[in-house]
Amino acid sequence: MNSILENRPLLAEQITDVAEVAGYLWQKGWAERNGGNITVNITACVDDEIKSLKAISEAIPVGRTLPFLKGCWFFCKGTNKRMRDLARRPMENGAIVRITEDCSHYEIVADRPVKPTSEIISHLSIHNYLIGKGSSYKAVLHTHPTDLVAMTHNPAFLQKDVLSYLLWSMIPETRAFCPRGLGIIPYSLPGSGELADATIRELDEYDVVMWEKHGVVSVSDNIMEAFDMVDTLSKSAQIYFTAKSMGFEPERISREQMNELKTAFHLPK
Ligand code: 13P
Ligand code: ZN
C-alpha cells in the first residue's frame, strides 16, 4: 500500500518524530494500553496534491466550531491505539485529517481510516487556541506519567503553583526547561468539552497542564520539545520521591537560587 509519506521528506520527518516520542512514552511506562495521545499540526507540509486527495471517511463532528482551524491539517493518534504500536507503525495507528470548510468537522484523508483519539476535542480546541493567539506551537502531547499523576492524589499539591515550585526546586533543568511551570485543573470526564475548555484556560499561563488524577498535556513547537518538558518534570518528581524514600525531606533549591536562574536564563516567569 502506498503511503502519503512517500516522496514527502518534511512530512515523513514529522511522523518519524511522533513515532520516536511514542516509543519513549511506552519505555517510560507512561502509556499503558492505549494511554495518551498526540496531534501535530502538519499544515505547513501539505502540498497541492495532498489538498486534492479525496477523504476516506465521512465528515466527523468535532463537537464545536473552531474558526482558526480553517484549512488546517493534523496527524492524530488513533483512538484505542497503543503508543508502542504507533512507535513501530505510525500510519497504521494514526491518520492524517483535514478540517472541513465549516470548521466543525474533520475528514480522514490518509493512509487508512483510523479514527482519531477520543481526546480530539481537547487537541483541536488547543490547536485552535494556539493559532488564535499567534503561537508557533504545532504539537500537543497527552500522556500518563506515573510519578506526576501520583502527586495529584495529594490535595496539598493541587493548590496553584505548589507543584510547580516543588518540581522547579528539585533540579535547575526543570526551572530552565519548563519555565512556565505546571498548571493543574480539577478532575473532569476524559474526552469532554469541559476538560478542553479548562485546559485552554490554563495554557494562557502554562505550557504543561495536569489533568488531576489522569495525565498531563504539553504543548510546544514540536513533539520532541513537548515530550522534553514532561520528561523534565518527571525527573524532578523522581528526585523528590527518591529523597523521601531515603527517609528525608529534600532541602530544595531556594527561591533566591530559582530567581538567579530566572535572571541568568531570561526565563518568562
Ligand atoms: P485514546 O486511545 O482515545 O487516544 O485515549 C487515550 C487516553 O489517554 C484518553 O485520555
Ligand atoms: Zn488519558
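Rules behind the numbers
- Residues numbered from 1 in each chain as written.
- Chains lettered and ligands numbered in written order.
- Predicted model: local features only at pLDDT ≥ 70, side-chain atom pairs only at ≥ 80, totals over all residues.
- Heavy atoms only, no water.
- Helix = DSSP H or I, 4+ residues; strand = E, 2+ residues; numbered from the N terminus.
- Rg over C-alpha atoms; globule rule 2.2 N^0.38 Å.
- Lys, Arg positive; Asp, Glu negative; His and termini not counted.
- Charge placed at Lys NZ, Arg CZ, Asp CG, Glu CD.
- Donors = N, O, S within 2.8 Å, 3.2 Å for Na, K, Ca; no water.
- Buried < 20%, exposed > 50% of the residue type's maximum accessible area, 1.4 Å probe, protein only.
- Pairing = 2+ DSSP bridges.
- Near = heavy atom within 4 Å.
- Polar contact = N/O pair within 3.5 Å; in protein donor to acceptor, adjacent residues only side chain to side chain.
- Areas by Shrake-Rupley, 256 points an atom, 1.4 Å probe, with all protein chains shown as cover.
- Nonpolar A, V, L, I, M, F, W, Y, C, P; charged D, E, K, R; others polar.
- Disulfide = S-S within 2.5 Å.
- Contact = heavy atoms within 4.5 Å.
- Axes fitted to C-alpha atoms, helices over the stretch in contact; angles between N-to-C directions.
- Core = buried A, V, L, I, M, F, W, Y, C linked by side-chain atoms within 4.5 Å.
- Expected span 1.5 Å × (residues − 1).

Quick word on the overall build of the protein chain
Here comes step 1: For the protein chain, the helix and strand inventory stands at 10 helices and 9 strands.
Here comes step 2: For a compact globule of 269 residues, the expected C-alpha radius of gyration is about 18 Å, and the protein chain comes in at 19 Å, within 12% of that figure.
Here comes step 3: Along the three orthogonal principal directions, the C-alpha set of the protein chain runs to about 60 × 35 × 35 Å.
Here comes step 4: If the 29 positive side-chain charges of the protein chain are averaged to one point and the 34 negative ones to another, these points end up 4 Å apart.

A few points about the coordination of the zinc ion (ligand 2)
Here comes step 1: Surrounding the zinc ion (ligand 2) are the protein donor atoms His142 (NE2), His144 (NE2) and His214 (NE2), at 2.1 Å.
Here comes step 2: The motif formed by the donor residues of the zinc ion (ligand 2), counted along the single chain, is H-x1-H-x69-H.
Here comes step 3: Assessed through its relative accessible area of 17%, histidine 144 is described here as buried.

Considering the pairing of strand β9 (residues 215-220)
Here comes step 1: Across the 6 residues that make up β9, a large majority, 6, are buried.
Here comes step 2: By the alternation rule, side chains of β9 split into Gly215, Val217 and Val219 and Val216, Ser218 and Ser220, which are all buried.
Here comes step 3: Of the strand pairs in this sheet, strand β6 (residues 139-143) and β9 are connected by 5 bridges, and their pairing is antiparallel. Bridged to alanine 139 within β9 is serine 220.
Here comes step 4: Here strand β8 (residues 208-211) folds back onto β9, and the loop between the two strands holds 3 residues, one of which, lysine 213, carries a positive phi near 55°.

A few points about the site of ligand 1
Here comes step 1: Taken together, 13 residues form the shell around ligand 1, and within it Asn34, Thr79, Thr117, Ser118 and Glu119 come nearest.
Here comes step 2: In this structure, glycine 36 approaches ligand 1 through a main-chain N or O atom, which is 2.9 Å from an oxygen atom.
Here comes step 3: Take histidine 142: an N or O atom from its side chain is 3.4 Å from an oxygen atom of ligand 1.
Here comes step 4: Burial of ligand 1 by the protein amounts to 92% of the accessible area it has alone, namely 310 Å².
Here comes step 5: Here the shell around ligand 1 is composed, by residue class, of no nonpolar, 11 polar and 2 charged.

Looking at the state of the cysteines
Here comes step 1: In total, this model carries 0 disulfides according to the counting rule given.
Here comes step 2: Among the cysteines around cysteine 76, which has no disulfide bond, cysteine 72 carries the closest sulfur, lying 12 Å off.
Here comes step 3: For cysteine 76, a relative accessible area of 0% puts it in the buried group.

A word on the sheet that holds strand β5 (residues 105-110)
Here comes step 1: Strand order in the open sheet made by the 9 strands is β2-β5-β4-β3-β1-β6-β9-β8-β7, with mixed pairing throughout. What marks the edges here is a single partner per strand, and that holds for β2 (60-61) and β7 (182-185).
Here comes step 2: In this sheet, strand β4 (residues 94-99) lies alongside strand β3 (residues 73-77) in antiparallel orientation, the contact comprising 5 bridges. Across the sheet, cysteine 76 pairs through a bridge with alanine 95, a residue of β4.
Here comes step 3: Together, β1 (37-41), β3, β4, β5, β6, β8 and β9 form the strand contacts of helix α4 (residues 120-132), whose direction differs from that of β1 by roughly 30°.
Here comes step 4: Contacting β1, β6, β7, β8 and β9, helix α9 (residues 223-245) crosses the sheet at an angle of about 135° to β9.

Some details on the nonpolar core
Here comes step 1: Counting residues in hydrophobic clusters, the biggest one holds 48 residues, and the most contacted among them are Leu25, Ile38 and Leu167.
Here comes step 2: Examining the composition of this core, we find that 9 residues originate from one element, α9, more than from any other.
Here comes step 3: Once residues lying within four places of it in the same chain are set aside, the contact partners of leucine 167 are Leu148, Met151, Thr174, Leu182, Leu233, Ser236 and Ala237.

With respect to helix α1 (residues 9-28)
Here comes step 1: For α1, spanning 20 residues, the distance from its first C-alpha to its last is 28 Å, which sits close to the expected 28 Å at 1.5 Å a residue.
Here comes step 2: Where α1 is concerned, the buried positions are Leu11, Ile15, Val18, Ala19, Val21, Ala22, Gly23 and Leu25.
Here comes step 3: Following α1 by one or two positions, glycine 29 has its phi on the positive side, about 80°.

A short note on unusual backbone geometry
Here comes step 1: The omega torsion across alanine 110 and aspartate 111 is -20°, close enough to zero to call that bond cis.
Here comes step 2: Here aspartate 111 shows up in the loop between β5 and α4.
Here comes step 3: Backbone geometry places asparagine 80, a non-glycine residue, at a positive phi of 70°.
Here comes step 4: By secondary structure assignment, the location of asparagine 80 is in the loop between β3 and α3 (83-88).
Here comes step 5: The class of asparagine 80 is partly exposed, set by a relative accessible area of 46%.
Here comes step 6: The residue cysteine 103 is not glycine, and still its phi comes out positive at about 60°.
Here comes step 7: In this structure, cysteine 103 sits in the loop between β4 and β5.
Here comes step 8: Relative accessible area serves as the criterion here: at 6%, cysteine 103 is assigned to the buried category.

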